[in-house]
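Given next are the chains, with one letter for each unit.
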Number of protein chains: 2
Amino acid sequence: MTYRRVTKTDVDALREIVSADRVIYPATTHYDHDQFKQVRSLPDVAVQPQTNAEVAAILRYANEHLIPVTVRGNATGLMGANVPMAQGIDIDMIKMNKVLEYDPDNLTLTVQNGFRIRDINEYLADKPFTYIPAPAMKWATIGGNASTNAGGMRAVKYGTTREHIRGITVVMVDGTIQHFGGKTVKNSSGYDLRDLIVGSEGTLAVITELILRLVPRPPVNLDVLVPFVNVKKAISVVPKILQAGLVPAGLEFFSRETIKYWENYTQQPFMDHTGDGYLLVTFDGHDEAVVQRDLDKALQIAKDNGALAPIRMGDEAHRVAVWKTRNQLLTAIQQTTTAIDEIDVVVPISQIPRVLDKVAALQDSEQVRMPNFGHAGDGNLHIYMCKDDYSRAEFAGKVDRIIRQLYATARKLGGEMSGEHGIGFAREPYFEAYYGQDKVQLLQKIKSVFDPNHILNPYKVFPTVGPNRQANRSLDVNDIKPKQ
Amino acid sequence: MTYRRVTKTDVDALREIVSADRVIYPATTHYDHDQFKQVRSLPDVAVQPQTNAEVAAILRYANEHLIPVTVRGNATGLMGANVPMAQGIDIDMIKMNKVLEYDPDNLTLTVQNGFRIRDINEYLADKPFTYIPAPAMKWATIGGNASTNAGGMRAVKYGTTREHIRGITVVMVDGTIQHFGGKTVKNSSGYDLRDLIVGSEGTLAVITELILRLVPRPPVNLDVLVPFVNVKKAISVVPKILQAGLVPAGLEFFSRETIKYWENYTQQPFMDHTGDGYLLVTFDGHDEAVVQRDLDKALQIAKDNGALAPIRMGDEAHRVAVWKTRNQLLTAIQQTTTAIDEIDVVVPISQIPRVLDKVAALQDSEQVRMPNFGHAGDGNLHIYMCKDDYSRAEFAGKVDRIIRQLYATARKLGGEMSGEHGIGFAREPYFEAYYGQDKVQLLQKIKSVFDPNHILNPYKVFPTVGPNRQANRSLDVNDIKPKQ
């Protein structure tokens, strides 16, 4: 068995399912990459459904005809999870972007999967409730966020995306529609398939609707930038803050070295030049005095442990400025080099310094620039590798060696491969070494239960037993080019 | 194929695996029931392992010899989930009760599955952190809590048990040991098998160790008993409190009718006699003034919506007294009748009054006493059915009719069969009608991936395709007696 390519007959069938103006054939290069553009593969056709029934009909058709299907939100992923590696049909969710229900009685917002994080924020702006998870990338769709269980910057206090999704509607590969979870707070009724599908990167079923959990919007948000003589010193303060009973909404870290990228990118000086390492500490809540007091306690702990003079974001303009800097770090790094790759390991928070030691050692031994920053409150690091003047092959070799060693380090420290970006296509070759053959076999069997013909997002997350696997996997990730 | 009964040879093998003094053969009637005693079935043998390796060896042996295995914590369940319906081996976890690691740097506590909720509370009493989930039954083991995703009384603010389990170690049916999740806050690395196994009621794998999430213990806890003219009036206030941006730690409801059971049981007057319906409102936090202010706001909202004079629990003695009453309600109800059964549906919180209407109607039409109380903040109701003078057969018929109608109501309102007690053996016959054949087939296939010989906790949660099913299921649940 091998995957079918899409024929003119298939395209006619798809035009019958959705209207002709929502079938893009041949697919444009818009559909061949994600944000990193390291992996490229062009689908045969892209379709833009608007309803569950249309998604169901597309999947039923594809499953009957063994045509691979990849789902795409806004393609802001970094691991190639939404790149259609086996060509076939790309389901573009951009037109499934409706609010289905705002229910203040039950504190839920039900939306279609193509609704973006910024759309959610705008929709809720004049309402007393907010959706908590805060990924840096506001153009990402909520469906994409759910597919990787995108974590964001408030996980230490509020948990990850998973904890804020009450229910999902999914279309199974045979076209049946299922609801897992719902508006209820509790559920002890059979296996938790909602959380199995959240984070499965489009390999089990297609999420089409999500019931999001809302919470009262905390009116008070205080941010302080705390400089230290170096990043390790900054990070070592974090467990002390948490042990004091303080629960910050955010605890971001970055180094002066990383800030320099931003200064070069924006041609502006950063607001502080006293430190070589920074914590950006956020406390939120419903009472100004209490939030202020908790923040003061945290700053005292920081001071007792070597912090330099903290900079309080006294007004909204300063807050916006410091977060703009934080959210532009990736772009600033990307501008400095010919290509970029990333690893987003997560470790127990007390182990972050040991990962940073390893990064410093690898930077030296491989002679690759590795700027980094991350979420000190939840142990999730963003470590970049810059291609610079290396050839694609040289860079691929270096990236491979760096990744293997960083994964080995994270594994030894009780960490996981990815805190929020997922495994996708780019990290699939490392999955089995990290988690073992037994676990991979278990995942393969679960995959086969949901998707017996392996048409859903082939070659992603872990080694699968679908057709053509060896052929595709023998390609160097960095050398895959559009097939068309 | 049919399940094997345990032979003398098997018992000798089990004595080799664990020491002879930890093999109970023949098993005593201690092992044939859970807290409700509605379902009884005696295992052939009970074993008390102390380590993962012993559990692994037991499972490997049982799987090779097709002997059914049921895991037992402290048997505080109500749905027969831990009753060994196919006899075989009962794994009694009471001796796996160690703390493995307290890690204040990463805010985790790692324990074996037989550690009880009260053990956790005692262990943490002199530490600055607490484990949040608060099931009423403190004798329950954490392993049992994880198996049903026991919800408890703080779900509205803090989520259910699931959100407080960072990682689990499980023994698979073939004896391999797996770790799902860990100490990290985030994880986006393959399917979420942790949450698949949490809540699976011992049908997929055996949880042996749990990494629990700790949070700083909120030093301030304020409780107020708010009387209303009736329960529906009380419950209707809840969405208004939540919409005002207030997040209580607990929102329990009960009626005067239910309180009368407690008064008869304890021969004491309850602390209030002004109302026919009550809310027990709890606010917690780290600042006395703020907690007090939030509470005051909630009370004002209650007053504006018909609350009678609230009773503040001014000191620890009053707090203990009111919670003792709340925690004794089930026992008080049990004392008044010959047998009891329960349903713990969960619905979106705004729909609770409609469930209570249905309960009132069924009470009349079936002439069965149905005292009830529940968690108004998360939509989870505890509705009891008293056998009184009905014959077992009559009662079984009435329970069946009541359950069918309440499930139909909950389903129509977007609810789930169980909020925290699980499905077990007692509610398995209703599962397929509630969730549909497609979903059941999906669960069956997942079950078969983990437990291909169907030896783990047979006849539970949903109809399985294991051996002997029809034979056992044809028995009336209420008439199953010890087989030995």
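Sequence order as written defines the numbering, with residues in each chain counted from 1. Naming scheme: in the order in which they are written, chains are lettered from A and ligands are numbered from 1. Confidence filtering applies because this is a predicted model: local features only for residues at pLDDT of at least 70, side-chain atom pairs given and counted only at 80 or more, and all residues used for totals across whole chains, interfaces and linings. Water and hydrogen atoms play no part in the side-chain values, which are based on all heavy atoms of the structure.

**Student:** Explain the UniProt feature "domain: FAD-binding PCMH-type" (unreviewed entry) in chain A to me, please; I cannot follow it from the model alone.
**Tutor:** UniProt positions are given in the numbering used here, feature names are shortened, and annotations may be inferred rather than shown by experiment. Mapped onto this structure's residue numbering, the UniProt feature "domain: FAD-binding PCMH-type" (unreviewed entry) falls at residues 39-217 of chain A. By the criteria applied, helices consist of DSSP H or I runs no shorter than four residues and strands consist of E runs no shorter than two, each listed in order from the N terminus. For residues 39-217 of chain A, the helix share is 21%, the strand share is 25%, and the end-to-end C-alpha distance is 39 Å.

**Student:** Help me understand the packing of aromatic side chains, please; the structure alone is not making it clear to me.
**Tutor:** Pairs of aromatic rings are described using the distance from one ring centre to the other and the angle between the two planes. Each Phe, Tyr or Trp ring (for Trp, its six-membered ring) is paired with any other whose centre lies within 6.5 Å, and the angle between the two planes then decides the class: stacked below 30 degrees, edge-to-face above 60, tilted in between. Under the criterion given, the structure shown has 26 aromatic pairs over all chains. Aromatic side chains Y191 of chain A and F462 of chain B sit 5.3 Å apart centroid to centroid with 85° between the ring planes, which places their arrangement in the edge-to-face category. Here F462 of chain B lies in the loop between helix 15 (437-450) and helix 16 (469-473) and Y191 of chain A lies in the loop between strand 9 (177-181) and helix 6 (193-197), a pairing that spans two chains. Just as Y191 of chain A is buried, F462 of chain B falls in that class too. Judged by centre distance (5.5 Å) and plane angle (80°), the ring pair of F270 of chain B and Y278 of chain B falls under edge-to-face. Residues F270 of chain B and Y278 of chain B agree in their burial class; the two are buried. Taken together through their ring pairs, the aromatic side chains of Y191 of chain A together with Y407, Y430, F431, Y434, Y435 and F462 of chain B make up a single cluster. Only protein chains enter the accessibility calculation, which uses a 1.4 Å probe; a residue is then buried when its area is under 20% of its type maximum, exposed when over 50%, and partly exposed in between.

**Student:** I would appreciate a short explanation of the environment of D287 of chain B in the present structure.
**Tutor:** By the secondary structure assignment, D287 of chain B is in the loop between strand 14 (277-285) and helix 10 (288-304). Assessed through its relative accessible area of 14%, D287 of chain B is described here as buried. The contact criterion used is simple: two residues touch if any of their non-hydrogen atoms lie within 4.5 Å. When sequence neighbours within four positions are dropped, the list of residues in contact with D287 of chain B reads V290 and R293 of chain A together with V220 of chain B. Polar contacts, as counted here, are pairs of nitrogen or oxygen atoms within 3.5 Å of one another; within protein the pair requires one atom able to donate a hydrogen and one able to accept it, and residues that are adjacent in sequence qualify only if both atoms are side-chain atoms. One polar contact links D287 of chain B to R293 of chain A, side chain to side chain, over a distance of 2.3 Å.

**Student:** Looking at this model, I keep getting lost on the sheet that holds strand 3 (residues 69-72) of chain B. Mind explaining?
**Tutor:** Pairing between the strands of a sheet is mediated by backbone hydrogen bonds and can be parallel or antiparallel. Residues and elements named next belong to chain B. In this analysis, strands are considered paired if DSSP registers two or more bridges between them. If you walk across this open sheet you meet the 4 strands as 1-2-4-3, and the pairing is mixed. Both outer strands of the open sheet, strand 1 (23-24) and strand 3, are each paired with one neighbouring strand and no more. Here 4 bridges tie strand 3 to strand 4 (residues 89-92), and the two strands are oriented parallel to one another. Note that in strand 4 the partner of T70 across the bridge is D90. Against the sheet, helix 2 (residues 52-64) touches strand 2 (45-47), strand 3 and strand 4, its axis set at about 165° to strand 4. A fitted line through C-alpha atoms serves as each axis, taken over the contacting stretch for helices, and the angle formed by two N-to-C directions is quoted from 0 to 180°.

**Student:** How should I be thinking about the interface of chain A and chain B in this particular structure?
**Tutor:** In many analyses, interface size is given as the accessible surface area lost on bringing the parts together. The partner chain B presents 85 residues to the 85 residues of chain A that form the contact. A buried area of about 6,200 Å², summed over both sides, lies between chain A and chain B, and 59% of it is on carbon and sulfur atoms. A quick way to say it: buried area is the sum, across both parts, of accessible area lost when two parts are put together, with a 1.4 Å probe. The largest contributions to the chain A side of the interface with chain B come from K186, S188 and Y191 of chain A, which together make up 16% of the buried area. Any Lys or Arg side-chain nitrogen found within 4 Å of a carboxyl oxygen on Asp or Glu counts as a salt bridge. Joining chain A to chain B, the criterion identifies 8 salt bridges. One salt bridge connects D378 of chain A with K186 of chain B, and the closest N-O pair in it is separated by 3.1 Å.

**Student:** When you look at the side chain of T325 of chain B in this model, what are you seeing that I'm missing?
**Tutor:** Structurally, T325 of chain B is set in helix 11 (residues 316-334). Not counting the four nearest positions on each side in its chain, T325 of chain B is found in contact with I259, W262 and F270 of chain B.

**Student:** How do you make sense of the nonpolar core when you look at a structure like this?
**Tutor:** Within soluble globular proteins, side chains that are nonpolar tend to cluster in buried spots. With 180 residues, the main nonpolar core has I446 of chain A together with I446 of chain B as its most contacted residues. Those residues in contact with I446 of chain B that lie beyond four places of it in its chain are Y191, L193, L196, V449 and F450 of chain A together with L196 and L204 of chain B. Among the buried residues, those of types Ala, Val, Leu, Ile, Met, Phe, Trp, Tyr and Cys that are joined through side-chain atoms within 4.5 Å form a nonpolar core.

**Student:** Before we go on, may I ask you to explain the pattern of salt bridges in this structure?
**Tutor:** Opposite charge on two side chains lets them pair, provided their charged atoms get close. Applying the stated criterion across every chain, the model contains 62 salt bridges over all chains. K183 of chain A is paired through a salt bridge with E101 of chain A; the nearest N and O atoms lie 2.8 Å apart. With K183 of chain A in the loop between strand 9 and helix 6 and E101 of chain A in strand 5 (residues 99-103), this pair connects stretches of sequence that are 82 residues apart. We classify K183 of chain A as buried; its relative accessible area is 18%. Residue classification places E101 of chain A among the partly exposed positions, given a relative accessible area of 34%. Taken together, the salt bridges that share partners define one network made up of R162, R194 and D195 of chain A together with D192 of chain B.

**Student:** I would appreciate a short explanation of the pairing of strand 18 (residues 380-386) of chain B in the present structure.
**Tutor:** Across a regular strand the side chains alternate sides, sitting on one face of the sheet and then on the other. All names here are of chain B. Burial analysis of strand 18 places 7 of its 7 residues in the buried class, which makes it a mostly covered element. Of the two faces of strand 18, the one holding N380, H382, Y384 and C386 and the one holding L381, I383 and M385 are both buried throughout. By the bridge criterion, 4 bridges tie strand 16 (residues 340-343) to strand 18 in an arrangement that is antiparallel. Residue pairing across strands places I343 opposite I383, the latter belonging to strand 18. Pairing between strand 17 (residues 372-375) and strand 18: 4 bridges, direction antiparallel. Each bridged residue has a counterpart across the sheet, and for H375 the counterpart in strand 18 is N380. Connecting strand 17 to the antiparallel partner strand 18 that follows it, the hairpin turn spans 4 residues, and G379 within it adopts a positive phi of roughly 80°.

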